[in-house]
Amino acid sequence: MKMSWIHSSRGAILGVLLACSLVAVGTAAAVSVSGGAPAPAENGTEVSMTVTVEDPFANAPDQWTLRGETQLQDATWNVEVLNQGRLVTRTDTAGTNFSQPLDFEEGATTVNVTLTGTVPALNTFDYENRSAENYTVMHLTQSNGNAIDQTWRSHRFTAASQDARQAIDAAADAVEDAGGTGDDDLQQAINAYDAGNFDNAESLADDAQTAAEESQGGLPIVLIGGVVVVLLLVAGGGYYYYQSQQGGDYKLQ
């Protein structure tokens, strides 16, 4: 009986220690970084984003530097260091990068980084690899550690490239529904898009969509228009004949 109690007690103690260790691991503080990249935007559009760093000294040195980089043009950075909501320091920097020293003795609990700038020009186009048209909005790192190493990217476009992409998207759906009919024009449209020839890409995409839809049993638009014209002529001729006959009857009376 005594031996059984000893084993039971040891098991209970080990269980308590294990539970304590799990709680300790689960609640360990860590640097928290939150923020979202701006929505896709046209070249030359002004965009902005804000990132918040919470608990900057959790699992981090007592002194380190927060650094940021961007591909935005005419970029400006606003960095606010807060201690429980109270402003400690505020720094405004212009350019493609910034650095903000942080010191535990200053009691920083939160760092807000706001970036504003202009979407850079897009010179390389790739329809099938949309991410190749993205740009780096913000890249944050920690100077002497790896608690922070995060990148936010967003898509950029020109007005013409967006119209061409949308036309190709619609054509691709139609070609797929038609079992591949119109695929040659679709591939040429994609090639034209990648070469930056957006007017041609949009025209070829329209041709591909038309061919695909016609193969599904729809009448060509030109043919439909011709049928409508014929019907109108027939109806008009019939009406004219009816009116002439009515006129003749009146005279006979």
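Scoring rules and cut-offs
- Residues numbered from 1 in each chain as written.
- Predicted model: local features only at pLDDT ≥ 70, side-chain atom pairs only at ≥ 80, totals over all residues.
- Heavy atoms only, no water.
- Pairing = 2+ DSSP bridges.
- Helix = DSSP H or I, 4+ residues; strand = E, 2+ residues; numbered from the N terminus.
- Axes fitted to C-alpha atoms, helices over the stretch in contact; angles between N-to-C directions.
- Parallel < 35°, antiparallel > 145°, perpendicular 65-115°, else oblique.
- Left-handed = near helix turned anticlockwise from the far one by under 90°.
- Contact = heavy atoms within 4.5 Å.
- Nonpolar A, V, L, I, M, F, W, Y, C, P; charged D, E, K, R; others polar.
- Buried < 20%, exposed > 50% of the residue type's maximum accessible area, 1.4 Å probe, protein only.
- Salt bridge = Lys/Arg side-chain N within 4 Å of Asp/Glu carboxyl O.
- Expected span 1.5 Å × (residues − 1).

A. Layout of the sheet that holds strand 2 (residues 41-42). Ordered in space as 2-10-9-4-7, the five strands form an open sheet in which the pairing is mixed. Each edge of the open sheet carries a strand with a single partner, namely strand 2 and strand 7 (97-103). Relative to strand 9 (residues 134-142), strand 4 (residues 63-69) is paired through four bridges, and the arrangement is antiparallel. In the strand pairing of strand 9, L66 is matched with Q142.

B. Highlighting the environment of E213. Here E213 is to be found in helix 4 (residues 198-215). For the pair E213 and T181, spaced 32 residues apart in sequence, the C-alpha separation works out to 8.7 Å.

C. Representation of the packing of helix 2 (residues 159-177) against helix 4. The interhelical angle for the contact between helix 2 and helix 4, taken along N-to-C directions, is 20°, at an axis separation of 8 Å. Classified by the angle their axes make, helix 2 and helix 4 are roughly parallel. When you trace helix 2 past helix 4, the crossing you get is left-handed. Residues A160, S161, D163, A164, A167, I168, A170, A171, A174 and V175 of helix 2 lie in contact with helix 4, whose contacting residues are F198, A201, E202, A205, D206, A208, Q209, A212 and E213. Taken together, the residues of the contact of helix 2 with helix 4 break down into 13 nonpolar, two polar and four charged.

D. Molecular detail of the pairing of strand 3 (residues 46-54). Taken together, the three bridges between strand 1 (residues 32-34) and strand 3 define a ladder with antiparallel strand orientation. Bridge pairing in strand 3 places S32 opposite E54. Relative to strand 8 (residues 110-118), strand 3 runs antiparallel, the two being bridged by nine bridges. Pairing of E54 across the sheet is with T110, part of strand 8.

E. The arrangement of unusual backbone geometry in detail. With a phi angle near 50°, D55 is a residue other than glycine that sits in the positive phi range. With respect to the helices, strands and loops of the structure, D55 is situated in the loop between strand 3 and strand 4. In this structure D55 comes out as partly exposed when scored by relative accessible area, which is 41%.

F. Quick look at the pattern of salt bridges. A complete count under the given rule lists three salt bridges for this structure. The residue R90 makes a salt bridge to E80 at a minimum N-O spacing of 3.7 Å. In this pair, R90 sits in strand 6 (residues 86-94) while E80 sits in strand 5 (residues 73-83), placing the two residues 10 residues apart along the sequence. Given a relative accessible area of 22%, E80 falls into the partly exposed group. A salt bridge links R165 to E133; its shortest N-O distance comes to 3.3 Å. Residue R165 is found in helix 2, and its partner E133 is found in the loop between strand 8 and strand 9; the two are separated by 32 residues along the sequence.

G. Looking closely at helix 3 (residues 183-194). The end-to-end C-alpha distance of helix 3, which contains 12 residues, comes to 17 Å, matching closely the 16 Å that a straight helix rising 1.5 Å per residue would cover. Buried residues along helix 3 sit against helix 2 and helix 4. G196 sits one or two positions beyond helix 3 and adopts a positive phi of about 85°.

H. Molecular detail of the environment of P40. Tracing the chain through its elements places P40 in the loop between strand 1 and strand 2. Residues P40 and N134, 94 residues apart in the sequence, show an inter-C-alpha distance of 8.7 Å. Filtering out sequence-adjacent residues up to four positions away, P40 remains in contact with R130, S154, H155 and F157.

I. Representation of the packing of helix 3 against helix 4. Two elements in contact, helix 3 and helix 4, have axes whose closest approach is 8 Å; the angle formed by their N-to-C orientations is 165°. In this view, helix 3 runs roughly antiparallel relative to helix 4, as classed from their interaxial angle. In this structure, helix 3 crosses over helix 4, and the sense of that crossing is left-handed. Where helix 3 approaches helix 4, its residues D185, L186, Q188, A189, A192 and Y193 are matched on the opposing element by F198, N200, A201, L204, A205, D207 and A208. Residues that form the contact of helix 3 with helix 4 fall into these classes: nine nonpolar, two polar and two charged.

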